Amino acid sequence: MTESDPATDFGTLYMCGTPIGNLQDVTLRLLEILRDVDLVACEDTRRTMKLLSNFDLRKPVLSLYRHVEKGRAERILDMLEEGKSVAYVSDAGMPTISDPGAYLVQAARERGIRVALVPGPSSVSGALALSGFPADRFVFGGFPPRKPRKRKEFLKEWILPGVTAVFFESPHRLKESLTDLEEVFPDIEVCLCHEMTKVHESCIRGNIQDANRQIADLKLLGEWVMVVRLTG
């Protein structure tokens, strides 16, 4: 059996995009899939239950966070081989982007189980749109390393002239990362996106010095998306 010829008596694994903030960004197709599947697998059951409850959906939920991913993936694969269908959702946005899920997809394909896409919002593409930087060529580097030396090496590796770069950063390390960024690339342009699609959505756009001045006295909460552009 090949990857393009899944067994017809198997269930389907749906990789589902979820809202990144505003729950009203949910798609009609996602709601239909969530109503129909036998199980919803996710990273954090608390976040997923909030989504399901908001739309009055009652489904069994199974956590699949990184440390238990392989073991619980086997339970999901067994269900799929029995003909049941499963939706895998991220806490926010598209699955596998700095989130678990890739192992499950690969294992499902190896067993001849159909994997289908239910697309939705993404903080990566959303931040690119808000930044105003050209996005015909861009790279996504996930979270920079925690230690300053490795973080500077990482920034030098990922940021190239004429290529927009997107990173995630935690509120606890955002100021440190931007300080390192200014040291490595003092002329770089930056867009910092926060709370996208929510009531207090914010976007700080300017050169790295402006960005560092604007966040200096801010109380930073929640994950940030950094979009940077080095001209040259």
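Residues numbered from 1 in each chain as written. Predicted model: local features only at pLDDT ≥ 70, side-chain atom pairs only at ≥ 80, totals over all residues. Heavy atoms only, no water.

Some points on the packing of helix H3 (residues 69-81) against helix H4 (residues 102-110)
When two helices pack together, you describe them by how their axes are tilted relative to each other and by the distance separating the axes.
In step 1: Across the interface, H3 lies against H4 with an axial gap of 10 Å and an inter-helix angle of 40°. By the angle class used here, H3 and H4 are oblique. Along this stretch, H3 crosses H4, giving a crossing that reads as right-handed. Where H3 abuts H4, its residues Glu69, Lys70, Ala73, Glu74, Ile76 and Leu77 lie against Ala102, Tyr103, Leu104, Ala107 and Ala108.
In step 2: Classifying every residue of the contact of H3 with H4 gives eight nonpolar, no polar and three charged. (Axes fitted to C-alpha atoms, helices over the stretch in contact; angles between N-to-C directions. Helix = DSSP H or I, 4+ residues; strand = E, 2+ residues; numbered from the N terminus. Parallel < 35°, antiparallel > 145°, perpendicular 65-115°, else oblique. Left-handed = near helix turned anticlockwise from the far one by under 90°. Contact = heavy atoms within 4.5 Å. Nonpolar A, V, L, I, M, F, W, Y, C, P; charged D, E, K, R; others polar.)

Side note on unusual backbone geometry
Leaving glycine aside, a negative phi is the common case for residues, and trans is the common case for peptide bonds.
In step 1: You will see that Asp56, though not glycine, has its phi angle at about 55°, which is positive.
In step 2: One can find Asp56 in the loop between helix H2 (45-54) and strand S3 (61-63).

Quick look at the pairing of strand S7 (residues 164-169)
In step 1: Taken across its six residues, S7 has six buried, putting it largely inside the fold.
In step 2: Of the two faces of S7, the one lined by Thr164, Val166 and Phe168 and the one lined by Ala165, Phe167 and Glu169 are each fully buried.
In step 3: Strand direction decides the pairing type here: strand S6 (residues 138-140) and S7, joined by three bridges, are parallel. Looking across to S7, one finds that Phe138 is bridged to Thr164. (Buried < 20%, exposed > 50% of the residue type's maximum accessible area, 1.4 Å probe, protein only. Pairing = 2+ DSSP bridges.)

A word on the pattern of salt bridges
In step 1: All chains considered together, the criterion is met by 13 salt bridges.
In step 2: In this structure, Asp78 engages Arg111 in a salt bridge whose closest nitrogen and oxygen atoms are separated by 3.7 Å. Here Arg111 lies in the loop between H4 and strand S5 (114-118) and Asp78 lies in helix H3, a separation of 33 residues in the sequence.
In step 3: Measuring nitrogen to oxygen at the nearest pair gives 2.4 Å for the salt bridge that ties Arg213 to Asp210. (Salt bridge = Lys/Arg side-chain N within 4 Å of Asp/Glu carboxyl O.)

A short note on the pairing of strand S4 (residues 86-89)
In step 1: Side chains Val86 and Tyr88 project from S4 onto one buried face, and the interleaved Ala87 and Val89 project onto a second face that is buried too.
In step 2: Looking at chain direction, strand S1 (residues 12-16) and S4 are connected through four bridges and run parallel. Its bridge partner being in S4, Cys16 is matched across the sheet by Val89.
In step 3: Where strand S2 (residues 39-42) lies against S4, four bridges are found, and the strand directions are parallel. Counted as the bridge partner of Cys42 is Val89 from S4.

Here's the deal with the sheet that holds S3
In step 1: Taken in spatial order, the five strands make up an open sheet running S3-S2-S4-S1-S5, and their pairing is parallel. Because the sheet does not close on itself, it has two edges, and the strands there are S3 and S5. Here the average twist between neighbouring strands, direction ignored, is 25°.
In step 2: Across three bridges, the pairing between S2 and S3 is parallel. The partner of Val40 across the bridge, within S3, is Val61.
In step 3: Helix H1 (residues 28-36) contacts S1, S2, S4 and S5 of the sheet and is inclined by roughly 140° relative to S5.
In step 4: Of the strands in this sheet, S1, S4 and S5 touch H4, which is tilted by about 155° from S1.

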